[in-house]
Every structure is written in C-alpha cells, then in structure tokens.
Amino acid sequence: MKILLVSQMYPGPDDPDLGTFVQGMERALAERGHEIERAVTEGRGGGKRRHLLLAREVRRAARRFEPDVVYAHFLVPTGLSAVLFGGAPAVVTAHGRDVRNIGAYPGIEAATRLVARRAASLIAVSDYLRRELEAKIPEARGKTEVVDCGVDLSLFETRPVPGTGQGRNGPVFVCVGNLIERKNVLRLADAFATLGSGRLVFVGDGPLRRELEGRPNVEVTGRVPHDEVPAYVGEATVLCQPSLIEPFGQALLEGMAAGRSVVATRVGGPPEFVPPEAGVLVDPLDTSALAEAMRRAADFPSPNPAARAAAAEHDVRRQAEKVEAILQRAARDRRA
C-alpha cells in the first residue's frame with residue numbers, strides 16, 4: 001500500500017525523543033513492503049501555528065503522493081487534518097492526551113466526533129483508552145480497535161544488571177519520561193528516599209527537574225535520543241513508571257523488553273500487559289505503597305525472563321501486522 005503517515009509528534013534534530021513510537025511503527029510497516037510518505041511535525045515548538053502548517057502539508061502530500069490510506073496519530077488536531085485533507089480513507093490512533101482533551105477545551109469534542117465519523121477506523125493503544133474514548137464519543141463505538149505501538153525487541157536486549165544482581169551500591173531504579181506532574185516523579189523520589197540504598201535515575205526533562213536535582217543519590221539526565229535509552233534501561237534493576245494515569249506505558253514495555261522488572265501504576269493501561277511475575281502495580285497516590293513496590297520489584301530476578309516474555313507479546317513487528325490489516329481493510333473498502 002501507499003501509506004500517508006500523519007503525526008503531530010515525530011523525532012527531529014532538536015527533539016530526538018519526540019514520538020519515537022510513531023517512528024518505530026513506521027519502520028515496521030516499511031519492512032513489510034509498504035511505501036510510506038510522511039506529513040509530520042518535528043519538535044515541540046511552534047505553538048498552534050504548527051498544526052495549521054501540518055494541515056497544509058497533509059493536503060500537499062496527499063495531492064503529490066496519492067495514498068491508498070492515511071495513517072494518523074492523535075485524534076485532534078492531526079486526525080482532523082487526515083480526514084479533511086488526506087484524500088484517502090483514514091485510520092486514526094488515539095494515544096491518551098487527545099482523549100483527555102475532549103471536554104477540557106472548547107471545540108475539541110465536536111472536532112473529535114467529526115474525526116470519528118469520517119475515519120474508516122480508529123485505534124486505541126489500550127483497552128482502557130478505548131473505553132474512555134467510546135464513553136465520550138458515541139461515534140467511536142464499534143469502530144475502535146486496540147493495538148499499541150509495540151516495542152522493538154532488538155533494541156532492548158536482556159543483559160545482567162552491572163555488578164551484582166542489585167547493582168554495585170544497591171538497586172538502580174530508572175524512570176524514563178517527561179518530568180511532569182502526571183508522571184508522578186516527585187512521589188517516586190520521595191518513596192526512593194525512604195529505601196536507604198541504591199540510585200534513582202530520571203531519563204528525561206521537564207518543569208519538575210529543579211525539584212528533583214540535588215537529592216541524595218538521584219540523577220537527572222535531561223532528554224536523550226531514543227537510541228540511547230536502552231543503555232540507561234540496561235543499567236536498571238527496576239524500571240519505574242508510577243504515573244497518576246497512564247493510557248498505555250511505553251517506557252514500561254521497553255523496560256520489560258530488556259528483562260527489567262517494573263513498578264507501574266494501576267491506573268490506565270499497564271494492568272493490561274504487566275503480569276505479576278514481571279512487576280508490581282501500585283496506587284500512584286500512596287507513597288508508602290510505592291516504596292514497598294520498589295523494594296519488592298528489586299527482589300525479582302534480574303534479568304527477569306517473565307518480563308521479557310510479556311514484552312514479546314507486543315513486538316512491534318506483530319503490532320505492525322495488526323495495523324497493516326486495519327489499513328488494508330480501509331483501503332479495500334474504498335476500492336469496493
């Protein structure tokens with residue numbers, strides 16, 4: 001197929017960590033023999049104007065490329081551009097924030113309902129997100145399938161934790177993601193402070209960075225390119241993502257792919273793919289429970305074959321095959 005990929009998040013020179021899950025799925029689809037043209041936004045800057053520019057690029061790309069199908073990431077504004085200007089049946093993936101925005105900002109609900117009506121199919125990255133979307137948007141009911149963006153197992157190899165099974169000076173806890181309130185990073189740091197040993201490494205950046213830096217045995221790397229993330233995960237005893245809400249949990253999946261046990265929020269998508277042998281689910285608002293979950297997860301096998309096995313169920317190549325079937329159905333229905 002000729003696939004026009006549309007996304008408001010895509011890795012670029014200034015923001016190499018942005019939308020890497022979109023890029024991973026693109027590569028997996030390309031490996032399956034599809035021709036892909038991009039209309040994407042690289043970088044976090046540009047304000048609302050970048051969405052207008054993306055819409056124009058979608059129109060230009062559609063006229064030039066003449067796709068069989070448009071594969072868009074995020075409902076609004078990207079999905080709106082896809083269904084209005086893509087020139088072909090659109091399949092639109094919801095990732096989380098786009099669903100939470102419904103009802104929070106004027107016009108988003110109406111725009112999302114239009115996307116849901118016009119799209120050939122919708123995809124949600126977790127069943128939790130599907131239920132939330134269908135509760136808010138009646139038009140999404142019956143046309144939303146659950147497929148996450150998967151993980152490239154070849155990038156996250158299972159290796160022993162450096163030093164002893166608990167690391168050189170106790171367990172190493174790694175948290176990958178934006179340093180924002182939703183990621184619950186301050187409670188994670190507070191919980192770690194009660195453990196008495198080990199290190200806590202935040203791989204990412206954000207407005208809460210200053211409140212994390214300077215704490216004993218806590219490190220903040222800032223943003224790093226995605227191809228450097230596996231090295232940080234490989235240093236971990238436990239991968240932590242105790243978000244207040246997590247529509248899916250890509251970093252958890254990557255940690256599990258590397259054979260790392262995880263501490264995950266029980267709110268959102270993680271309960272759908274983190275089995276008890278692979279990690280500990282926790283109430284993200286309970287700092288004491290979070291600390292206990294960190295202790296328990298650090299006692300799991302390291303590397304943890306159960307974590308790797310659970311992640312293998314979400315190999316990006318398997319997920320790309322599922323997406324391919326949805327895209328093919330949309331393109332076929334158009335020709336029919």
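Data block above holds the structure.
None of the values given here were measured: they were computed from a predicted structure.

Cut-offs applied
Residues numbered from 1 in each chain as written. Predicted model: local features only at pLDDT ≥ 70, side-chain atom pairs only at ≥ 80, totals over all residues. Heavy atoms only, no water. Helix = DSSP H or I, 4+ residues; strand = E, 2+ residues; numbered from the N terminus. Buried < 20%, exposed > 50% of the residue type's maximum accessible area, 1.4 Å probe, protein only. Contact = heavy atoms within 4.5 Å. 1 Å grid on protein atoms, 1.4 Å probe; cavity = no way out; pocket = protein on both sides within 12 Å on 5 of 7 lines; lining within 4 Å. Points joined across faces, edges and corners; volume = space filled by probe spheres on them. Nonpolar A, V, L, I, M, F, W, Y, C, P; charged D, E, K, R; others polar. Axes fitted to C-alpha atoms, helices over the stretch in contact; angles between N-to-C directions. Parallel < 35°, antiparallel > 145°, perpendicular 65-115°, else oblique. Left-handed = near helix turned anticlockwise from the far one by under 90°. Pairing = 2+ DSSP bridges. Core = buried A, V, L, I, M, F, W, Y, C linked by side-chain atoms within 4.5 Å.

(A) Spatial organisation of the overall build of the chain. The number of helices and strands found in the chain is 13 helices and 12 strands. Considering only C-alpha atoms, the chain reaches an extent of 60 × 40 × 35 Å along its principal axes. Each of the 336 residues in the chain was classed as buried or not, and the buried ones make up 54%. Counting contacts in the chain only where the partners sit at least 6 residues apart, residues at least 24 apart contribute 66% of the total.

(B) Looking closely at unusual backbone geometry. The omega torsion across Val76 and Pro77 is 10 degrees, close enough to zero to call that bond cis. Mapped onto the fold, Pro77 is located in helix H3 (residues 75–85). With an omega of 5 degrees, the peptide bond running from Ser302 to Pro303 counts as cis. Mapped onto the secondary structure, Pro303 falls in the loop between helix H11 (287–298) and helix H12 (305–312). Here the phi dihedral of Glu66 falls at roughly 50 degrees; this positive angle occurs in a residue that is not glycine. Tracing the chain through its elements places Glu66 in the loop between helix H2 (49–65) and strand S3 (69–73). Of note in the backbone geometry, Asn184 takes a positive phi value of approximately 65 degrees without being a glycine. Its place among the elements puts Asn184 in the loop between strand S7 (172–176) and helix H7 (185–193). Exposure remark for Asn184: the relative accessible area of 3% places this residue in the buried category.

(C) Representation of the side chain of Lys183 within the structure. Summarising the element assignment, Lys183 is placed in the loop between S7 and H7. You can call Lys183 buried: its relative accessible area is 11%. Beyond its immediate stretch of four places on either side in the chain, Lys183 contacts Asn178, Gln241, Pro242, Ser243 and Glu246.

(D) Structural detail: the layout of surface pockets. Here the second largest pocket defines a volume of roughly 430 Å³. By residue number, the principal contributor to the lining of the second largest pocket is helix H1 (residues 20–31), which donates 8 residues. Among the residues making up the lining of the second largest pocket, the classes are represented as 12 nonpolar, 6 polar and 6 charged.

(E) Representation of the packing of H3 against helix H5 (residues 108–118). At a closest axis distance of 9 Å, the pairing of H3 and H5 adopts a crossing angle of 45 degrees. By the angle between their axes, H3 is oblique relative to H5. Crossing of H3 over H5 shows left-handed handedness. Facing Leu75, Val76, Gly79, Leu80, Val83 and Leu84 of H3, the residues of H5 in contact are Ile108, Ala111, Thr112, Leu114, Val115 and Arg118.

(F) Focus on the sheet that holds strand S10 (residues 238–241). With respect to topology, 6 strands assemble into an open sheet ordered S9-S8-S7-S10-S11-S12, the strand pairing being parallel. Unpaired on one side and paired on the other, strand S9 (218–220) and strand S12 (279–282) mark the two borders of the sheet. Looking at each pair of strands side by side, their axes are set apart by 20 degrees on average, direction ignored. Taken together, the 4 bridges between strand S11 (residues 261–265) and S12 define a ladder with parallel strand orientation. Residue pairing for S12: Ala264 is matched across the bridge by Leu281. The sheet contacts of H7 involve S7, strand S8 (199–203), S9 and S10, and relative to S8 the element is tilted by about 165 degrees. Lying on the sheet, helix H10 (residues 250–257) is in contact with S7, S10 and S11; it crosses S10 at an angle near 170 degrees.

(G) Local environment of H10. The element H10 is largely enclosed, with a buried count of 8 among its 8 residues. Gln250, Ala251, Leu252, Leu253, Glu254, Gly255, Met256 and Ala257 are the residues of H10 that are buried. Buried residues along H10 sit against H1, S7, helix H9 (229–234), S10, S11 and H12. Directly beyond the C-terminal end of H10, a positive phi value near 75 degrees is found at Gly259.

(H) Quick look at helix H6 (residues 127–136). Of the residues making up H6, those classed as buried are Leu129, Arg130, Glu132, Leu133 and Glu134. Considering only its buried residues, H6 is in contact with H3, strand S4 (90–94), helix H4 (97–100), strand S5 (121–124) and strand S6 (144–146).

(I) Spatial organisation of the nonpolar core. Core analysis: the biggest nonpolar cluster contains 60 residues, and Leu4, Leu75, Leu133 and Met256 have the highest contact counts within it. Beyond its immediate stretch of four places on either side in the chain, Leu75 contacts Leu80, Val92, Thr93, Ala94, Asp98, Val99, Thr112, Val115, Leu122 and Leu133. Among the nonpolar cores identified, the runner-up in size contains 27 residues, and Val185, Leu188, Phe192 and Leu200 belong to it.

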